[in-house]
Amino acid sequence: MSDSSVLRELRGDRADTPSVWFMRQAGRSLPEYRALREGTTMLDSCVRPEMAAEITVQPVRRHHVDAGIFFSDIVVPARQAGLGVEIKPGVGPVFDHPIRTEADVDALPPLGDDYEVALDPIREAVRLTVAELGTTPLIGFAGAPFTVASYMVEGGPSRDHLRTRALMRSQPEVWARLASWVAELSGRFLRAQVLAGASAVQLFDSWVGALSEDMYRSGVQSHSAAALARVADLPVPRIHFGVGAAHLLTPMLEAGATAMGVDHRLRLDQALDILPEGTPVQGNIDPAVLFTSEEARFAEARAVLEAGSRASGHVVNLGHGVAPDTDPQVLTDLVSFLHEQDAHQLGTRRA
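For clarity, every value in this text was computed on a predicted model and none was experimentally measured.

Enquirer: Can you help me understand the overall build of the protein in this one?
Expert: Helices and strands together make up the secondary structure of the protein, namely 17 helices and ten strands. Oriented by its inertia axes, the alpha-carbon framework of the protein measures out at about 60 × 45 × 40 Å. Put simply, of all contacts in the protein between residues at least 6 apart along the chain, 75% involve residues at least 24 apart. Working note: accessible area of the protein is about 13,800 Å², and carbon and sulfur atoms make up 49% of it.

Enquirer: Just checking my understanding: could you explain empty space enclosed by the protein for this structure?
Expert: If you roll a probe as big as a water molecule over the atoms, it shows you where there is empty space left. Under the defined criterion, the tally for this structure stands at two cavities of 30 Å³ or more. Its volume calculated, the largest cavity comes out at about 40 Å³. Partitioning the lining of the largest cavity into residue classes produces six nonpolar, two polar and two charged. Each pocket or cavity is described by its volume, and for the second largest cavity that value is around 30 Å³.

Enquirer: What should I look at first to understand the pattern of salt bridges in this one?
Expert: If the charged atoms of two oppositely charged side chains come close together, the side chains can form a pair. Applying the stated criterion across every chain, the model contains 21 salt bridges. For the salt bridge of glutamate 102 with arginine 177, the shortest nitrogen-to-oxygen distance reads 3.9 Å. Note that glutamate 102 is positioned in helix α6 (residues 102-106) and arginine 177 in helix α11 (residues 172-196), a separation of 75 residues in sequence. Exposure remark for glutamate 102: the relative accessible area of 46% places this residue in the partly exposed category. Through salt bridges with shared partners, a single network forms among Glu116, Asp120, Arg123, Glu184, Arg188 and Arg230.

Enquirer: Before we go on, may I ask you to explain the nonpolar core in this structure?
Expert: Looking at soluble globular proteins, one finds that nonpolar side chains tend to be buried together. Residues Phe22, Met152, Trp175, Leu178 and Trp181 are the most contacted members of the largest nonpolar core, which totals 121 residues. Of all the elements, α11 adds the most residues to this core, at twelve residues. With residues near it in sequence (within four places) discarded, phenylalanine 22 still touches Val65, Ile69, Asn317, Leu318, Val322, Leu331, Leu334 and Val335.

Enquirer: What should I look at first to understand the layout of surface pockets in this one?
Expert: There is about 990 Å³ of room inside the largest pocket. Among the elements of the structure, α2 (31-37), β3 (85-88), β4 (92-95) and β6 (200-205) are those that each provide at least two residues to the lining of the largest pocket. Its residues assigned to classes, the lining of the largest pocket shows 18 nonpolar, nine polar and five charged. Considering only enclosed or pocket space, the second largest pocket measures out at about 160 Å³ in volume.

Enquirer: Whenever I open this one, the pairing of β3 confuses me. Can you help?
Expert: Side-chain positions along a regular strand alternate between the two faces of the sheet. Pairing of β3 with β4 involves four bridges; the strand directions are antiparallel. Its bridge partner lying in β4, valine 85 is registered against phenylalanine 95. Here β3 hands over to β4 after three residues, with glycine 90 in that stretch at a positive phi of 80 degrees.

Enquirer: What is the right way to read the packing of aromatic side chains from this model?
Expert: Counting across every chain of the model gives six aromatic pairs. Seen from their ring centres, phenylalanine 204 and phenylalanine 241 are 5.3 Å apart, and the 40 degrees between their planes marks the pair as tilted. Remark: phenylalanine 241 occurs in strand β7 (residues 238-242) and phenylalanine 204 occurs in strand β6; sequence separation between them is 37 residues. On the accessibility criterion, phenylalanine 241 (1% relative accessible area) is buried. Through a chain of ring-to-ring contacts, three or more aromatic side chains come together here, namely Phe141, Phe204 and Phe241.

Enquirer: Would you mind going over the environment of glutamine 25 with me for this structure?
Expert: Following the sequence through the fold, glutamine 25 ends up in the loop between β1 (19-20) and α2. Separated by 263 residues in the primary sequence, glutamine 25 and alanine 288 have C-alpha atoms spaced 15 Å apart. Among residues more than four places away in sequence, those in contact with glutamine 25 are Leu30, Pro59, Val60, Val65, Ala67, Gly68, Ile69 and Val322. Engagement of the side chain of glutamine 25 in a polar contact is seen with the backbone oxygen of alanine 67, the distance being 2.9 Å.

Enquirer: Can you walk me through the packing of helix α9 (residues 145-154) against α11 in this structure?
Expert: Helix packing geometry: the angle between the two helix axes and the distance between the axes. Packing of α9 against α11 leaves a shortest axis separation of 9 Å and a crossing angle of 120 degrees. Between α9 and α11, the interaxial angle falls into the category oblique. Crossing geometry of α9 relative to α11 is assigned as right-handed. Residues Pro145, Phe146, Val148, Ala149, Met152 and Val153 of α9 touch α11, and the partners they reach there are Trp175, Leu178, Ala179, Trp181, Val182 and Ala183. Its residues assigned to classes, the contact of α9 with α11 comprises twelve nonpolar, no polar and no charged.

Enquirer: Any chance you could explain α11 here in plain terms?
Expert: At 3.6 residues per turn, the α-helix brings residues three or four places apart onto the same side. Taking 1.5 Å of rise per residue, the 25 residues of α11 would be expected to cover 36 Å, and the 36 Å separating its terminal C-alpha atoms lies within 8% of that figure. Looking at the residues trailing α11, positive phi occurs at glycine 197, about 135 degrees.

Rules behind the numbers
Residues numbered from 1 in each chain as written. Predicted model: local features only at pLDDT ≥ 70, side-chain atom pairs only at ≥ 80, totals over all residues. Heavy atoms only, no water. Helix = DSSP H or I, 4+ residues; strand = E, 2+ residues; numbered from the N terminus. Contact = heavy atoms within 4.5 Å. Areas by Shrake-Rupley, 256 points an atom, 1.4 Å probe, with all protein chains shown as cover. 1 Å grid on protein atoms, 1.4 Å probe; cavity = no way out; pocket = protein on both sides within 12 Å on 5 of 7 lines; lining within 4 Å. Points joined across faces, edges and corners; volume = space filled by probe spheres on them. Nonpolar A, V, L, I, M, F, W, Y, C, P; charged D, E, K, R; others polar. Salt bridge = Lys/Arg side-chain N within 4 Å of Asp/Glu carboxyl O. Buried < 20%, exposed > 50% of the residue type's maximum accessible area, 1.4 Å probe, protein only. Core = buried A, V, L, I, M, F, W, Y, C linked by side-chain atoms within 4.5 Å. Pairing = 2+ DSSP bridges. Phe/Tyr/Trp six-rings, centres within 6.5 Å; stacked < 30°, edge-to-face > 60°. Polar contact = N/O pair within 3.5 Å; in protein donor to acceptor, adjacent residues only side chain to side chain. Axes fitted to C-alpha atoms, helices over the stretch in contact; angles between N-to-C directions. Parallel < 35°, antiparallel > 145°, perpendicular 65-115°, else oblique. Left-handed = near helix turned anticlockwise from the far one by under 90°. Expected span 1.5 Å × (residues − 1).

Below, the structure is given as structure tokens:
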């Protein structure tokens, strides 16, 4: 599996043909997913090993992408640790009791042996998935400390994360304890996936773009680093991705990533000007082109390939996730188009 195109690219070894997978490829856009999940809540589906494995494999089977991404949600580790949280349709993750005071942090459950036992369904789901995927690698997944902690502070989704940012400024010691708890939560979640067979990991920071670089460095970077450190001794690439985080590429890489995901707001060649030479990148087709003409989609794909051509490694992906109402055939055709491209003919790096 170490010879797979995705793992080669993530390690800075260019393959002959572009490799591709899509964030949120497993799930809502697939009719087979909706049929399988009927009558099962989102979070329950994440901890039923056979179901989670089947959902993870579905897009690989349908689209012929070069990697699977483990089907989960960023709040699954918190739920397995004992917190009350559910995903409300049309809303998102909602916690029963927001964490906003020192007493709230004091009441968080300890992450001891009970948490390890609670991760057994995740390990089993990964084992089943890896067996089904064969030579296609599985990427493990977890939410980054800032995003998960922000959901916990806000109690649910937020546009501006004002309560979270206020807590970081007014009670930095309380924030640090909360973020440290989440870092251990997410880091051990990632490690469980790798030890069960995942070949790479991605730490996903949905809301980190709301922070300035100073706030990221002072209040977040060390906690993301602690989460990634949980798998640093294992021989797997570590992808770090944030939404709206072009201004944070360098400190996010410095948190312990070996490859950087880039969203659709920044061209890959511009990202490569910011990042240290030799950094593999992932991205960053604008998900909006999935709703345009085939000509526009393929032109965007070619532009992304060109922009990433001088990277030491480039895994093609979207600049964010697959929207629920995406036509699955569009994704299948896009993968086929990408696989038909000759990586050696792209950009000045091949000249």
